[in-house]
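# Residue-level structure breakdown
This is what each chain is made of:
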Amino acid sequence: MIPLIYNEWLKMVRKKRIWVITLILLVLIPIFTYAQFRTIQQTVAEMGTSDWRALLQQQIIDQQNRLSSSRLPEEWRDWIKLSIQQQQYYLDHDINPTAPGAPTFVRKFIEESVSLFLPLLVVVLAADIVSSEHTAGTIKSLLTRPVQRWKVLLSKYLALLLSISVLMMITAILSYLISGVIFGYQGWNMPVLTGFQEQNGQLITSFVHLVPQWKYILMAYGLAWFTCVAVGTLSFMVSVLVRGTAASMGVMLAAVISGSLLAQLAPTWSMLKYFAFTHLRLTDYLSGKPILIEGMSLSFSILVLSVWSILAILIAFITFQRRDVLA
Amino acid sequence: MTNPTTLLSVSNLTKKIGKREIVHNLNFNVQPGEVYGFLGPNGAGKTTTIRMLVGLIRPTAGTIQINGYDLQRQFIPAIRQIGCIVENPELYPYLTGMENMRLFARMMKNVSQTKIDEVIRLVELDQRVHDLVKTYSLGMKQRLGIAQALLGDPKLLILDEPTNGLDPAGIRELRTFIRMLATEKGISVFVSSHILNEVQLLCDRVAIIHHGRIVKTGPVSDLIDQHPQVEWTVDEWEQAQTYFKSLPYITTIQKRAHNILRVQMPLEKIAETNAKLLQEQLHVVGIRPYQQTLEDIFLAMTGGQTDDSANL
């Protein structure tokens, strides 16, 4: 099995996919870093103070003003109320939620990129892993070897998991190194709040506790890794089912993007919670950001993603094992 | 029924896709050390058959035995006997020749670097083996394709239209190489082709496939000598045609150009026929044994009917 995984890894590296993705990160992370920097500067300038307590106070007032607008839909009203509660908690406990520093950027970056940016990169990695062998015809060279078909496919899947893990590591390392240039490299031990729970539109703070930021980042990356593996597994299935690389990438991009759009467009449609791509923001459960769709919790999200992934693997392997290689 | 030394034995092989029957009830055997031709026009079912032989397509019915192993039930030991190129030599263009070879070697057991070097020398690619495959010419890709097919010391080499896209020199080279493999290394070679001449020059035995059915199997010499044809160029072609009809050894007569008649007859009767035509005061301008094509054989078998749906 190891030689087969090595083969797939070699293709992945020599096709320069990993390098393209590293390059994308190298271009985008400085832009995000700068954007973050500008936002902080801007708020400081507007408030006429660098005092974060005043900033937080102002944000709470802003949100309360939005609440008084009568045109606000009911779902948004709940959402804003919850987020005011949470900010109040930070204020009462003397915790600066935006305290700059590279680790804070690493944390924020993964929280923001887990719903769309990272899944898109994973799709780029995974979408052609099987379909490209069909497009190039090399599938014929692979399947006429003394190796069972399912082993060929498994080696591809494991190589994909490996490259997703490498992608996460590259993301973490690059976002730390690059953002540190502006924000400084300290702040691993800064306490971060977690353990928020939501029940009937109320933010339950009884389980809220402080963890050092490094621990929080580890948990967030773990959840993001899970999200990416689920997206990768679904792309993998599509790559088996659809023969063209362009088509399989298109299908997956559409699915990922519509998942994140639907959650915002129709949060009251409860069927959405059975759709895999509305569950990508696993890190929101850590940070206590209110979830748009009702009835979702961390364990439910993980369950939905797992069920989809297992089904995708079954479909991929059964199809691949049985299919005639015609073209 | 199966000879114990038979290397490849195909019986009652059928493939249906949807309602369409692509190949129907194929039966043939390939013996050790022989070059076996699989001849048929495009769309006859050659590629489908070859893909079944190498395990890419599941047969709807029938069995394939390779060196005694059933391909369906004992895939791994059966496929180990085979090296193949299906259509084009499918290689990874972004890897070097050597990297491709090592990649395929890792998918088999016990292929040493010595073996890789040996097959690369055999196909005379040692000069360019460390260059990326995308810089190779088609001929070089073809040779690397053969090298990867030979990696596992196969007993049977399966080549699908191997001369496609090669120039005449490349075709001749390939032919010599295939014959060398059969005679010196004792490897059986199964080659598909749609060109009669190619099969004639290369193969010992042949199976002819048309519309998914095997029309004929047998030694190549049988096939060709059975229906030799001669083209006569005669000014008074109408009289010549009438005269030919009276000769017992002439079976079919076809008019080609305005004064050319193509007749099926034994070659040793040419001189005799020519003399007779002269006696009849007919001006023979040219006599030429005709190089048969695949269509001619089909035509002869169907008794001159051009209708493709004839019971071949």
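Structure: above.
Right, let's walk through the structure included here. Since this is a predicted model, take the numbers as computed values, not measurements.

### Here we look at the sheet that holds strand E14 (residues 284–290) of chain B
All names here are of chain B. Strand order in the open sheet formed by 4 strands is E12-E13-E11-E14, with antiparallel pairing between adjacent strands. Of all the strands in the sheet, the pair left with one neighbour each is strand E12 (253–255) and E14. The mean inter-strand angle of the sheet, taken between neighbouring strand axes irrespective of direction, is 20°. Of the strand pairs in this sheet, strand E11 (residues 229–234) and E14 are connected by 6 bridges, and their pairing is antiparallel. Of the residues in E14, the one forming a bridge with Val-230 is Pro-289. On the sheet, helix H9 (residues 237–246) packs against E11, E12 and strand E13 (260–264) and is oriented at approximately 10° with respect to E13.

### Here's the deal with the sheet that holds strand E7 (residues 156–160) of chain B
All names here are of chain B. Strand order in the open sheet formed by 6 strands is E6-E7-E8-E3-E9-E10, with mixed pairing between adjacent strands. Taken across any chain shown, the strands that pair with only one partner, and hence form the sheet edges, are strand E6 (82–85) and strand E10 (213–219). On average, each strand axis in the sheet is tilted by 15° relative to the strand beside it, whichever way the strands run. In terms of strand pairing, strand E9 (residues 205–210) meets E10 through 6 bridges, oriented antiparallel. Each residue of the ladder has a partner; that of Val-206, found in E10, is Gly-218.

### Here we look at the interface of chain A and chain B
If you look at the interface, chain A gives 30 residues, while chain B gives 28 residues. Roughly 2800 Å² is buried in total at the junction of chain A and chain B, and carbon and sulfur atoms are behind 57% of that figure. Counting every contact that joins chain A to chain B gives 4 salt bridges. Where chain A touches chain B, the interface holds 19 residue pairs in polar contact (both at pLDDT 80 or more).

What counts and what doesn't
Residues numbered from 1 in each chain as written. Chains lettered and ligands numbered in written order. Predicted model: local features only at pLDDT ≥ 70, side-chain atom pairs only at ≥ 80, totals over all residues. Heavy atoms only, no water. Pairing = 2+ DSSP bridges. Helix = DSSP H or I, 4+ residues; strand = E, 2+ residues; numbered from the N terminus. Axes fitted to C-alpha atoms, helices over the stretch in contact; angles between N-to-C directions. Contact = heavy atoms within 4.5 Å. Buried area = accessible area lost by both parts, 1.4 Å probe. Salt bridge = Lys/Arg side-chain N within 4 Å of Asp/Glu carboxyl O. Polar contact = N/O pair within 3.5 Å; in protein donor to acceptor, adjacent residues only side chain to side chain.

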